[in-house]
Amino acid sequence: MSLENPPSPVQGITLYSHADDFRSHWIRFLLAEKQIKYQLIITDHEDEDLADLNPYNQLPMLIEQNLKLFSPHVIAEYLDDRYRQNKLYADAPMARAEQRQYIWRFEQDWFKLVDHMLRHADTLDLAQKQKAQKELRNTLISLTPLFQHYPFFMSETFSILDCMLAPIFLRLKSMGIDLPEQHCRPIFLYCHRIFSRPSFIKSMTAQEKNSYNKLISTI
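All figures in this text were calculated on a predicted structure; none of them were measured in a lab. (Residues numbered from 1 in each chain as written. Predicted model: local features only at pLDDT ≥ 70, side-chain atom pairs only at ≥ 80, totals over all residues. Heavy atoms only, no water.)

Q: Before we move on, could you go through the overall build of the protein and cite the residues and values that matter?
A: Across its full length, the protein holds 9 helices and 5 strands. Along the protein, helices (α) and strands (β) appear in the sequence β-β-α-β-α-β-β-α-α-α-α-α-α-α when read from the amino end. By the compact-globule yardstick of 17 Å for 219 residues, the protein fits well, its C-alpha radius of gyration being 17 Å. Taken along its principal axes, the extent of the C-alpha atoms in the protein is 50 × 45 × 30 Å. Partitioning the contacts of the protein with sequence separation of at least 6, the portion at a separation of at least 24 is 67%. Summed over all atoms, the accessible surface of the protein reaches about 11500 Å², with 51% contributed by carbon and sulfur. In the protein, 25 positive and 27 negative side-chain charges are present, and the distance between their average locations comes to 6 Å. (Helix = DSSP H or I, 4+ residues; strand = E, 2+ residues; numbered from the N terminus. Rg over C-alpha atoms; globule rule 2.2 N^0.38 Å. Contact = heavy atoms within 4.5 Å. Areas by Shrake-Rupley, 256 points an atom, 1.4 Å probe, with all protein chains shown as cover. Lys, Arg positive; Asp, Glu negative; His and termini not counted. Charge placed at Lys NZ, Arg CZ, Asp CG, Glu CD.)

Right, here's the structure in full:
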């Protein structure tokens, strides 16, 4: 384990995070966007200390006082409700329900594919990876118009949906997915806007910066 942020005695949040994992990155991005101070502990799913704290050995995991949360969806909503600055979820019931539905669809339709592609080499099923690559690539190409009319995902304002999508887009190359530049130009412009945010740069671990900084500079 290692600490990348100094302890915060004011808010007392501790985040257990993988050094290069899109779900952990999503929560780190949210924390940076909301300017919440926290203690960052870099670990992995096999760590014995994590197993003592979390029955699922799941990352990310957030601890605040006596509260332990290890679902990124629950962590995200908790942080946005508890720390009201720079709200990322809509307050209106209909708009919030729509966001939650997109979150559910991302998890069902995209995140499961990403999980197949980013598996450790020891457990990677090559045929499954190739199928997931094709499916996600075709999906992104077909949904390119969704990124054309708004500066952020389906919105004029930055939201939780952007916190979720940015870590995925950052890892497209490492998943072996190349999008056609001309056809997918709205997606590349979207990535440039998101990756340029100071909060996004701040949210990256040293390992992620080492892996992806060159990619960010070319978008």
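Q: How would you summarise the layout of surface pockets if you had to cite specific residues and measurements?
A: Here the idea is plain: a probe the size of a water molecule rolls over the atoms and shows the empty space left. Size it by volume and the second largest pocket reaches roughly 440 Å³. Where the lining of the second largest pocket is concerned, the elements lending two or more residues are α7 (185-195) and α9 (206-218). At 7 residues, the largest contribution of residues to the lining of the second largest pocket is made by α7. Looking at the lining of the second largest pocket residue by residue, the classes come out as 11 nonpolar, 3 polar and 4 charged. (1 Å grid on protein atoms, 1.4 Å probe; cavity = no way out; pocket = protein on both sides within 12 Å on 5 of 7 lines; lining within 4 Å. Points joined across faces, edges and corners; volume = space filled by probe spheres on them. Nonpolar A, V, L, I, M, F, W, Y, C, P; charged D, E, K, R; others polar.)

Q: I'd love a proper account of the domain arrangement of the protein, names of residues and values included.
A: In many analyses, interface size is given as the accessible surface area lost on bringing the parts together. According to the domain assignment, the protein consists of domain 1 (13-82) and domain 2 (93-217). The C-alpha-based centres of domain 1 and domain 2 are spaced at 20 Å. Taken together, the contacts link 18 residues of domain 1 with 30 residues of domain 2. Interface area, domain 1 with domain 2, both sides summed: about 2000 Å², of which 57% is carbon and sulfur. A per-residue breakdown of the area domain 1 buries against domain 2 is headed by Phe 22, His 25 and Phe 29, which together make up 35% of the total. Our count for the contact surface shared by domain 1 and domain 2 stands at 8 salt bridges. At the junction of domain 1 with domain 2, the criterion picks out 15 residue pairs in polar contact (both at pLDDT 80 or more). Counting residues per element, the ones that place at least two in the side of domain 1 that touches domain 2 are α1 (22-33) and α3 (72-82). Sorting elements by how many residues they give to the side of domain 1 that touches domain 2 places α1 first, with 9 residues. (Domains from an automatic or database assignment. Buried area = accessible area lost by both parts, 1.4 Å probe. Salt bridge = Lys/Arg side-chain N within 4 Å of Asp/Glu carboxyl O. Polar contact = N/O pair within 3.5 Å; in protein donor to acceptor, adjacent residues only side chain to side chain.)

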